[in-house]
Every structure is written in C-alpha cells, then in structure tokens.
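# Structural description and commentary
Listed below are the residues making up each chain.
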Amino acid sequence: MFIVEVVLDTKCNLGCYFCFAKNKSGITVPINSIKKILENLDNLTTEKIVQFKYYGGEAMLSQDLLIEHFKLISSYHSNKEFRIVLITNGTIYPNVEMIEMIKKGTVTITFSMEGNREQHNNIRKFLSGRGSFDIVIENIKRLALETNRRFLIQTVMSDEWIRDIDKYIDFTEEYKDIADFCGVPMFGTFEITNEMLNKFGSALEKYTNKMVEDYKKYGYSNLSFFHEMRAMMKLLSTYEFKNNQFHCLAGYEQITLVGEELYPCSRAYHNEMYFSKYKDMEEYKKQRESYKQQVLQDFNCISCQKKNSIGCIGSCLISTWQNNNSLLEEVCKYNIIFGKHTNDLFKKLITNKNFVRDFKNMLLVNLDLTEDISERIKKILEV
C-alpha cells in the first residue's frame, strides 16, 4: 500500500503538550496539489492500493476544503484502489455532506482520544485551557448512531497512558460498543530514561494481556497495535520477497503534502530531518530511488528490525545513522521493548483464527501467500 499523507490544515484548536504540530501557522493543501498526486500516481508507485491519510493540525477546521478533496479522490478514474482516512480530534461535528460520505464508507474516521475524562482533559485542552473530553465523546456517540458506523480511537502512549494504564483499559471497556482502540508511541518530545522504559514495559504487558484475554474469551479484542501490525506485515513481505529493508514508510512508499510542498514523511516536515522537503515531483522521484538504496543497506539495524519487528517509531534512526554514523541508543531500547511485546502477542495469538482475520482486516491488505499466514509469521518470529 502506498500512502499519501495530507496535512490539510496545520492549525489546530487544541494545544496538546506533546504534539509536534502545535504552534504551526495556518497552511492548507490546495486542491491542485492533490490533482498533481493523482495524475502522477502511476509514476510514483506500482502498489495497487493507495491510502490518502488526512490530518493536521486539525483537518476539520477546513471542512469544506476537506470535502472537496474527498470528492476529487473518490471520483477520480484510476486502476488503483483508493482508501481515505481522516484523523481528527473530534471537537468539530461533521456537516451533512461529510456525514453522507461516512455513511457510504467513502471515508473512514479515526478519533484521537487519551483515555477517560481525567486522562484526556490533562492533555487535549482547547486553547482556552478547557478540556475537550465531553464534546468529543458525545460527538463520537452521536456520529455512531447517525451513520451506523464503528470508529477507531487512537491514543498516544504518553506518560499519562503509562502511569494510568488500568484506567485506560477501563475506558476502552466502557466504549467498546462504538469503537476499537489502538496505541501509538509518543516520540521526540520526552527524555527516555531507564525508569520510563521499565514503566513502559509494564504498561505494555497489561495492554497485551488484555488483548490476549479478549481473544480467548470472545474471539475478538477492541485493542490493537495498529503501527506494529503494519510493521509485522512489512516483516512478512520482507521474507516473502527477500528484501532487506527498513520498515519505514518514507521515501519510496509514502509522500507527504503540506501546503504545496512535498516531504518524505510527516516527521521530516515537523523536524526538518535528513531529506527535508522536495523541490517538486521530479525531485521526489529521483530522491526516492536514492533513499531506497540507502535503506536497503545491510548494517546493524537490519537484524534488530527483523528480530523485533519494529517499525518507524520515534526518531528516524536511518537519518541519524546517515548524519552521524551512529544510533540513538535510548530510542533503540524504546523500540525494542515495543517490538518485544508485539512479538510475544503474536506468538500467543497467531494460531487464533479470529486474530488472523482481524490482523488482515486491520492491515487493509489482501494476503496472497503460498503458506498459511499463521505458519508464515510463526517461522519469521523464530528468526
């Protein structure tokens, strides 16, 4: 799957302390930028599935422009399959036109929430300082009723998440009828200490144990490691197609739009890392091949990636390597803990047919493997 990230509006109506997008000036992505991407897709990727992933800032601050983008993408004639995802903080309720798109499945919604009222309001505050929990949860409930759709709630694995993991799990139980939940790692805005790593490992253990218990009891869990599911799929394809590569989306599997500018990934935009932005589409095509060759190089990270099936979590390790010929040891430790718990989870559940079903559905891919996926992943995890 090729991903087109669209940072539609860099402004936001919230002021989350860990957000890399805070305090950005207001820039929107014009409709012509999307037209150029659509017209060049055959030259950008051979992938059949293209996901357009919209967020900000807060994309819903420019809802009319957002709808214009969605209409263009959904009506564009192509031999590729388009999927549209909107990530929103949920403070702005969709208008009638957007609701119809959600009902029809034209767009899939992911809401950002941090747990129960206390956890969420400690982080996701309006610029006035008021917490946003009540308005967001009511908007999700109302939209679920109005569209008859189930949504994904993603949560940053912040200090609050780590400290109050039991409260977070209770929160997922309370709202499991309307949503599934996934954790996404927090990166780049905190110091990684041994104490933090120990607490993070304990929180992940409770999180994964809950997932295993749910599958054994009900054949389903509303918790998921969405990013790690993608990393596992990358690991699977690495073995299937014999490619030694980083499980990184930037450069040749993804392009990011901010205003009229192009970046390899959203972190390159926010952190101005190794490649920073491209001048135009032609430079992107040239740089993509260069980037691909560099991430295919065989050095120490490759074996760690394979062993721990970790994806792009936190600081960009390859950029650090290329710039300094060294690695961020603390980030490596953080990633390895994340990967270890994911691998343990897969080992416990990969023979569960319901888990395999959900795994494939969450990845949004059609698996066409010569061996049963369960056996395939089990073999990979033994490496």
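The structure reproduced in this document is the subject of the present report. In this numbering scheme, every chain counts its residues from 1 along its sequence in written order. Whole-chain, interface and lining totals are the exception, using all residues; otherwise, since this is a predicted model, local features are given only for residues with pLDDT of at least 70 and side-chain atom pairs are given and counted only at 80 or more. In computing side-chain properties, one takes all heavy atoms of the structure into account and sets aside hydrogens as well as water.

### Focus on the packing of aromatic side chains
Cut-off, in case you're wondering: Stacked, tilted and edge-to-face pairs are distinguished by plane angle, under 30 degrees for stacked and over 60 for edge-to-face with tilted covering the rest, among Phe, Tyr and Trp rings (Trp via its six-membered ring) whose centres lie within 6.5 Å. Numbering of helices and strands runs from the N terminus, with a helix taken as a DSSP run of H or I at least four residues long and a strand as a DSSP run of E at least two residues long. Charge-over-ring placement is defined geometrically: NZ (Lys) or CZ (Arg) within 6 Å of the ring centre, and within 35 degrees of the ring normal.
The tally for this structure, following the rule as stated, stands at 13 aromatic pairs. Aromatic pair Tyr 54 and Phe 70: ring centres 5.1 Å apart, planes at 90°, arrangement edge-to-face. In this pair, Tyr 54 is assigned in strand β2 (residues 49-56) and Phe 70 in helix α2 (residues 63-75), connecting sequence segments 16 residues apart. An aromatic cluster is defined as three or more aromatic residues linked by ring pairs; in this entry it consists of Phe 133, Trp 161, Tyr 168, Phe 171, Tyr 175, Phe 181 and Tyr 207. In this arrangement the basic side chain of Arg 142 is found over the ring face of Tyr 93, its NZ or CZ atom lying 3.7 Å from the centre.

### What about the pairing of strand β1 (residues 2-9)?
Using the following cut-off: The cut-offs for exposure are 20% and 50% of the maximum accessible area for each residue type, with area from a 1.4 Å probe on protein chains only; residues under the lower value are buried, those over the upper are exposed, and the others partly exposed. DSSP calls a pair of strands paired once it identifies at least 2 bridges connecting them.
For β1, a buried count of 8 out of 8 residues is recorded, marking the element as mostly surrounded by other parts of the structure. Where β1 lies against β2, 7 bridges are found, and the strand directions are parallel. Among the inter-strand pairings, Val 6 is bridged to a residue of β2, identified as Tyr 54. As paired strands, β1 and strand β8 (residues 254-258) are joined by 5 bridges and run parallel to one another. From the neighbouring strand, Ile 3 faces β8, where its bridge partner is Gln 254.

### Considering the pattern of salt bridges
What counts, and what does not: Salt-bridge detection follows one rule: a side-chain nitrogen of Lys or Arg within 4 Å of a carboxyl oxygen of Asp or Glu.
Tallied over the entire structure, the rule returns 17 salt bridges. Residues Lys 80 and Asp 42 are paired through a salt bridge, measuring 3.9 Å at the closest nitrogen-oxygen approach. Linking Lys 80 in the loop between α2 and β3 (81-88) with Asp 42 in helix α1 (residues 31-44), this pair joins segments that are 38 residues apart in sequence. Lys 80 sits in the buried class, given a relative accessible area of 9%.

### So, the sheet that holds strand β5 (residues 151-157)
The strand order β7-β6-β5-β4-β3-β2-β1-β8-β9 describes an open sheet built from 9 strands, whose pairing is mixed. Both edges of this open sheet fall to β7 (223-224) and β9 (261-263), since each of them pairs with a single strand only. As paired elements, β2 and β3 share 6 bridges and run parallel to each other. Bridging across to β3, Lys 53 finds its partner in Val 85.

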